[in-house]
Structure formats: structure tokens, C-alpha cells
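What follows is the residue order along each chain.
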Amino acid sequence: MAWWSRTQGLAEQPKKSVPKGIWTKCERCSQTLYEEDLDVNLRVCTSCQHHFRMPTEGRIEMIVDPGSFQEHDRDLESADPLGFKVDGKRYVDQIKGALRKVGPGDAYRAGTATVGGLPVEAGFFVFEFMGGSMGSVVGEKICRQFERALAHKRPAILFSASGGARMQEGVLSLMQMAKTSAARSRLREARVPYIAVLLHPTTGGVAASVAMLGDVIIAEPDALIGFAGPRVIEQTIRQQLPPGFQRSEFLLEHGMVDLVVPRKDLKKTLERTLHWFERGREPERRTGTVGDDVVDPSAAE
Ligand SMILES: [Zn+2]
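Every chain's residues receive numbers from 1 upward, in the order its sequence appears when written. Thresholds applied to this predicted model are a pLDDT of at least 70 for local features of residues and 80 or more for the giving and counting of side-chain atom pairs; totals over whole chains, interfaces and linings are not thresholded and use all residues. The side-chain numbers reported here are obtained from all heavy atoms of the structure, hydrogens and water having been left aside.

Another aspect to go through is the overall build of the chain. The numbering of helices and of strands both runs from the N terminus, where a helix is a DSSP run of H or I of at least 4 residues and a strand a run of E of at least 2. Secondary structure assignment for the chain yields nine helices and 12 strands. Across the chain, every contact between residues at least 6 apart in sequence was considered, and the portion connecting residues at least 24 apart equals 66%. Of the roughly 16,300 Å² of accessible surface on the chain, a fraction of 54% belongs to carbon and sulfur atoms. Should any heavy atoms of two residues lie within 4.5 Å, those residues are considered in contact. In this description, accessible areas are obtained by the Shrake-Rupley approach with a 1.4 Å probe, and a residue is regarded as covered only by the protein chains that are shown.

Take a look at the structure:
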């Protein structure tokens, strides 16, 4: 007989199984959170205010006025111009898989909507779709969104959550950085406002182009925002990076973003910003009524 056995001495605690999908452990404070509470609280931890990633559908619902979102270009699909294949997996099959999992529209959804009663052209990166990577479809959809904003003189709002350019389309993905930036500059020339909202994570070619070009740049708390990863930068500059580097609060401190806004205040802040822009327009070009509660967006809490 073995001199030691697990059943002797300390009895093992019976494992409590947690049904999947009912509880979620907070990534930051390890608090166990009830899924339903998390949804009610806009997927923000009730204990430490950690902002979980929010599904795009819920994000759209949270931001636009109820029932006002009229989506455009949902049927655009990526071609596979390079016949790309990595680890035996073809790009076309990856797209098919993402379409099955997430639905049509590639990694970007754009539509005409109202926010606080004011018409806008709103666009949302879909992180669930191949990490929100920007390929030719995403670039095209952003350009079309900006062109609609320009044609109707409506502010454009873009919510970014992306790992960057989509490597499966090679240089065609990189071209989207220039393409979207050029479309954005036409808005500037026509003095049509563009508000960028940076969500966790906004990195790579998206951070290095359209996401950082807003007239007003708003970020959610503690979002990772940057071009290259910290390890790559440390190896390149041979220096250790300061704590909190590439997070919203650090970028605010260093003048890269204008506001860091908790999720629960985001819609209100956008409404106030839109009304502030609206007030600055010539009266004959105004699109909506303006209340007396108009304030400078920098005064948002
Ligand atoms: Zn927490």
C-alpha cells in the first residue's frame, strides 16, 4: 500500500462548478460578477469600474437614439485579392467563419442615426469580427460614412476598437490608412465635425490613422491605445516605458486625447459635444434645435 494517498489527511474541497455564462470574473479585481448585473451596468465592473469590452450591437443601442440607426453597406464583403493563406487556413475561410459567428458587415458597421436628436453619421468597429482589423471593406465603409457626412453636412462619429490593419490583405490594408485619412481631411475642409471615440483596444494602423484624427478625441477609461506594442518600443528605444504607458489616462495627460469618459457618461458627453458644434454653425445650416444647456465639451464630467 502506498505510504501516502490523497484521501487521507486533508480532504480535497469538492469543486464547485460555476455554470458558464451566468458569472464572470473581473479581469482586474477578480470579483465574481453576475452576468445580468454586468449587462445592466453597461459591462462595467460594479466593484472596480473596469470597462469590459462591449459587444458592438449593445454599443450601437447605447449610443444612438432608440430606433434611429439606419445601417448602410451591410452587404460589402472582402474579396481575397492575394489568395492569402496562413497556417493552412485560407483567408476566404476565415471570413466565412467570422460571418457565421458575427453576421454580415465585416469589421465595421456604419449608419445614419440621431444622437440627442441631432443627425449624425455613426460608425463602429466590430472587434468580434477578426479583431476589428481594417481591410479594404472597413476602409471603404469609413470613406462612405465620411462622404455621407460631407454631403449632408452631418457630424461623423467613429468608435474604434481594432488590432490594426488586416494582414491578410497586405498592402491593400495599409492603403486604407491613407484612404480614410484623406476622406477625413475633406470633412475638415468643409468644416464638418468629426468625433473619434477610442475604445479598448485601438492599436496598429487604425490608431495611426483615422482614429487619432478627430476634432474631438474621447477615450474610455484604461483603454489600450497605441501603434506598436510596448515590448517592440522598449526593444527599439532600449529604454523602459513609464507605468500606464499607452492607456487612456496617460494619453490624456500627454495631450493625445481630449477627454476620458466613463461609459455611463459617454452618450451624454457626445450629445453635449454635438450640440456645442451645432451652436457654432451658421444659423441657416443648423440641423436641429439647440437648447440652453449647451456647454463646452471640455467641461464634461
Ligand atoms: Zn473589477
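The next point concerns helix α4 (residues 136-152). Multiplying 1.5 Å by the helix residue count minus one yields the expected span of that helix. Over its 17 residues, α4 runs 24 Å from end to end, which matches the ideal 24 Å to within 8%, given 1.5 Å per residue. Along its buried surface, α4 packs onto β3 (70-72), β6 (108-115), β7 (118-125), β8 (156-162), α5 (170-189) and β9 (194-203). Phi for K153, located one or two positions after α4, is positive at around 55°.

What follows is about the coordination of the zinc ion. Listed donor atoms are N, O and S within 2.8 Å of the metal (Na, K and Ca: 3.2 Å). As water is not included, a site may look incomplete. For the zinc ion, the protein coordination sphere consists of C26 (SG), C29 (SG), C45 (SG) and C48 (SG), at 2.3 Å. Angle rules define the geometry names used: all angles between 85 and 135 degrees makes four donors tetrahedral, while opposite donors over 155 degrees apart and all other angles between 65 and 115 make four donors square planar and six octahedral, leaving every other case irregular. Taken together, the four donor atoms coordinating the zinc ion and their angles of 108 to 111° define a geometry best described as tetrahedral. Written as a sequence motif, the donor arrangement for the zinc ion is C-x2-C-x15-C-x2-C. Within this pair, whereas C26 is found in the loop between β1 (23-25) and β2 (32-34), its partner C45 is found in the loop between α1 (35-40) and α2 (56-63), the two being separated by 19 residues in sequence. Given the relative accessible area of 3%, C26 is considered buried. Throughout, exposure labels follow a simple rule: accessible area from a 1.4 Å probe, protein chains only, divided by the maximum for the residue type, with under 20% read as buried, over 50% as exposed, and the rest as partly exposed.

Right, let's get into the confidence of the model for the chain. Per-residue confidence from the predictor is reported as pLDDT, which spans 0 to 100. Per-residue confidence for the chain gives a mean pLDDT of 90, with 87% of residues at or over 70. Every residue in residues 289-295 is under pLDDT 50, and counting partners more than four places away or in other chains gives eight contacts.

Side chains that differ in sign of charge can pair as their charged atoms come close. What counts as a salt bridge is simple: a side-chain nitrogen of Lys or Arg found within 4 Å of a carboxyl oxygen of Asp or Glu. Applying the stated criterion across every chain yields a total of 24 salt bridges. Between E278 and R281 there is a salt bridge; the shortest N-O distance is 3.4 Å. Like E278, the residue R281 is buried in the burial classification. Members of the salt-bridge network, linked through shared partners, are D73, E121, E140, R144, R148, R154 and K179.

Patch membership requires over 30% relative accessible area and the absence of a salt bridge. Like charges are linked within 9 Å, and nonpolar side chains (Val, Leu, Ile, Met, Phe, Trp, Tyr) within 5 Å. A grouping of I22, W23 and Y34 is seen on the molecular surface, where their side chains present a nonpolar patch of about 270 Å² in accessible area. For W23, the location among the structural elements is in strand β1.

This part is about the pairing of strand β10 (residues 216-219). Residues V216 and I218 of β10 are buried on one face, and the alternating residues I217 and A219, pointing to the opposite face, are buried as well. At least two DSSP bridges between two strands are needed for those strands to be called paired. Pairing analysis gives four bridges linking β9 to β10, with the strands arranged parallel. Bridge pairing in β10 places L198 opposite A219.

Residues grouped as a nonpolar core are buried Ala, Val, Leu, Ile, Met, Phe, Trp, Tyr and Cys residues, joined through side-chain atoms within 4.5 Å. In terms of nonpolar packing, the biggest core is built from 32 residues, with F125, I142, F146, L158 and Y194 touching the most fellow members. The set of elements that each furnish at least two residues to this core consists of β6, α4, β8, α5, β9, β10 and α8 (248-253). Here this core gets five residues from one element, more than from any other, and that element is α4. Beyond its immediate stretch of four places on either side in the chain, L158 contacts Y108, G123, F125, I142, F146, Y194, I195, A196, V197 and V210. Counting 26 residues, the second-largest nonpolar core is a separate cluster that includes A122, V197, L199 and V261.

Take the side chain of S173 next. With respect to the secondary-structure elements, S173 resides in helix α5. A 3.5 Å cut-off defines polar contacts: any pair of N or O atoms within that distance qualifies, except that in protein one atom must be a possible hydrogen donor and the other a possible acceptor, and neighbouring residues in sequence count only when both atoms are side-chain atoms. Here M134 takes part through its backbone oxygen, which lies 3.4 Å from a polar atom of the side chain of S173. In this view, S173 contacts M134, G135, A165 and R166; residues no more than four positions away in its chain are not counted.

Next up on the list: the environment of G21. Residue position: G21 is located in the segment before β1. Exposure remark for G21: the relative accessible area of 56% places this residue in the exposed category. For G21 and E36, which are 15 residues apart along the polypeptide, the C-alpha to C-alpha distance reads 9.5 Å.

A few words now on the packing of aromatic side chains. Two aromatic rings, drawn from Phe, Tyr or Trp (for Trp, its six-membered ring), form a pair once their centres lie within 6.5 Å of each other, and the interplanar angle then sorts them: stacked below 30 degrees, edge-to-face above 60, tilted otherwise. For the coordinates displayed, the defined rule picks out seven aromatic pairs. Seen from their ring centres, Y108 and F125 are 5.1 Å apart, and the 75° between their planes marks the pair as edge-to-face. With a gap of 17 residues between them, Y108 in strand β6 and F125 in strand β7 connect regions that are remote in the sequence. F125 carries the same exposure label as Y108, and that label is buried. Between F146 and Y194, the aromatic rings sit 5.1 Å apart at their centres with planes inclined by 65°, giving edge-to-face as the arrangement. One end of the pair, F146, is in helix α4; the other, Y194, is in strand β9, with 48 residues separating them in the sequence. Of the residues examined, Y194 reaches a relative accessible area of 0% and is grouped as buried.

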